[in-house]
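Structural description and commentary
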Amino acid sequence: MMTSLGLVSGAWAQTTVSSGHVDIFGVGYIAPDTLELLIHDEAGFGELEPADTILQVNAGGYVLRPPGAAFDFLGASGTSLWILPQSATEAANRGVIFAGFGTEEIDPIAWGAGGTPITITLLSVVSAPAGGNFFLWQDDEFGNPTQFMNSTNLATYNTVSQNAGLHDHHNWGFTAEGIYEIQFEATGTPEGGSALTSGVQTYTFNVVPEPSTYALLGLGAGALALMRWRSRNHLS
């Protein structure tokens, strides 16, 4: 699902993407010296500039943190978490973005067998809601997680890499509802070439309240409407 024109942090963002197969990290290479980090909406707008896009994590992404010590990096067991899952089926069932990391637009022949993997680095969480942390991890076939990015431990977990011509999916996790502005950079070196960078790209994520919050907001609005109705009728 895509919508146009939204207001975030006082600046106009042209496009909101909230579902479907989306390469949040869509990396391109224009030989010999240009590396691009874009968002590739597979079914919608095509290639999007991160600075002009809002990636919305819908309410269906709300879960409770899984049990088990392996997931302690996400916070205390049973606490709130919003995810974009690595599974296409789960993403579709939840009505959220199926988030990818795509380097398939980089021709492995043009990049060269001696080229380095393409690396995405988490540089900074520029802004986040209170209690808001960001995580990127991948579950193996047995459900065991491997961390790649962790905003609470950037010194250890701040990169994810893959070779040219590939495509992969990870779990994206957020610990609070609200707006996140996160800076990433893509880097890599083609065979026989110089080290390249995409430059710093700022991504905006809008994490939508979980369903019970919507219900409470609805109840609050209903109660307010009832109070106003009673007030009008009392005055009349």
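Scroll up to find the structure.
The paragraphs below set out a description of the structure included in this document. Note that the coordinates shown come from a computational prediction; the quantities given were computed from them, not determined experimentally. (Residues numbered from 1 in each chain as written. Predicted model: local features only at pLDDT ≥ 70, side-chain atom pairs only at ≥ 80, totals over all residues. Heavy atoms only, no water.)

The helix and strand inventory of the protein chain stands at 3 helices and 18 strands. In the protein chain, which comprises 236 residues, the proportion classed as buried is 44%. Intrachain contacts of the protein chain at a sequence separation of at least 6 include 67% that bridge at least 24 residues. (Helix = DSSP H or I, 4+ residues; strand = E, 2+ residues; numbered from the N terminus. Buried < 20%, exposed > 50% of the residue type's maximum accessible area, 1.4 Å probe, protein only. Contact = heavy atoms within 4.5 Å.)

Take unusual backbone geometry next. Cis geometry marks the peptide bond from A31 to P32, where omega comes out at 5 degrees. As for its position among the elements, P32 is in the loop between β3 (20-30) and β4 (34-41).

Our focus in this paragraph is the nonpolar core. Core analysis: the biggest nonpolar cluster contains 41 residues, and I24, F25, I120, W172, F174, F184 and F205 have the highest contact counts within it. Looking at this core, the element that brings in the most residues is β3, giving 5 residues. If we ignore the near neighbours within four places in the chain, the residues touching I120 are F25, V27, L37, F101, M149, N158, T159, V160, F184, E185 and A186. Counting residues in each nonpolar core, the second largest holds 8 residues, with V63, F73, L74 and L81 among its members. (Core = buried A, V, L, I, M, F, W, Y, C linked by side-chain atoms within 4.5 Å.)

A separate point is the sheet that holds strand β15 (residues 171-174). Note on sheets: strands pair through backbone hydrogen bonds, and any given pair is parallel or antiparallel. What the 5 strands build is an open sheet, ordered β7-β8-β15-β11-β12; its pairing is antiparallel. Each edge of the open sheet is held by one strand with a lone partner, namely β7 (62-64) and β12 (145-150). Neighbouring strand axes in the sheet, compared pairwise and without regard to direction, differ in orientation by 35 degrees on average. In terms of strand pairing, β7 meets strand β8 (residues 80-84) through 3 bridges, oriented antiparallel. Looking at the pairing, V63 lines up with L81 of β8. (Pairing = 2+ DSSP bridges. Axes fitted to C-alpha atoms, helices over the stretch in contact; angles between N-to-C directions.)

With the rule as written, the count across this model stands at 2 salt bridges. Its salt-bridge partner being R65, residue D72 comes within 2.9 Å of it at the nearest N-O pair. By relative accessible area, D72 is classed as partly exposed at 48%. A salt bridge links R94 to E90; the shortest N-O distance between them is 3.0 Å. One end of the pair is R94 and the other is E90, both in helix α1 (residues 88-94) and 4 residues apart, which spans about a single turn. With a relative accessible area of 28%, R94 lands in the partly exposed category. (Salt bridge = Lys/Arg side-chain N within 4 Å of Asp/Glu carboxyl O.)

Applying the stated criterion across every chain, the model contains 18 aromatic pairs. Between F25 and Y203 the ring centres are 6.0 Å apart and the planes differ by 85 degrees, which places this aromatic pair in the edge-to-face class. Of this pair, F25 sits in strand β3 while Y203 sits in strand β18 (residues 201-207); the two residues are 178 residues apart in sequence, bridging distant segments of the chain. Exposure remark for F25: the relative accessible area of 1% places this residue in the buried category. Residue class for Y203 comes out buried when judged on its relative accessible area of 1%. Pairwise contacts between aromatic rings join F25, F101, F134, W172, F174, Y180, F184, Y203 and F205 into one cluster. (Phe/Tyr/Trp six-rings, centres within 6.5 Å; stacked < 30°, edge-to-face > 60°.)

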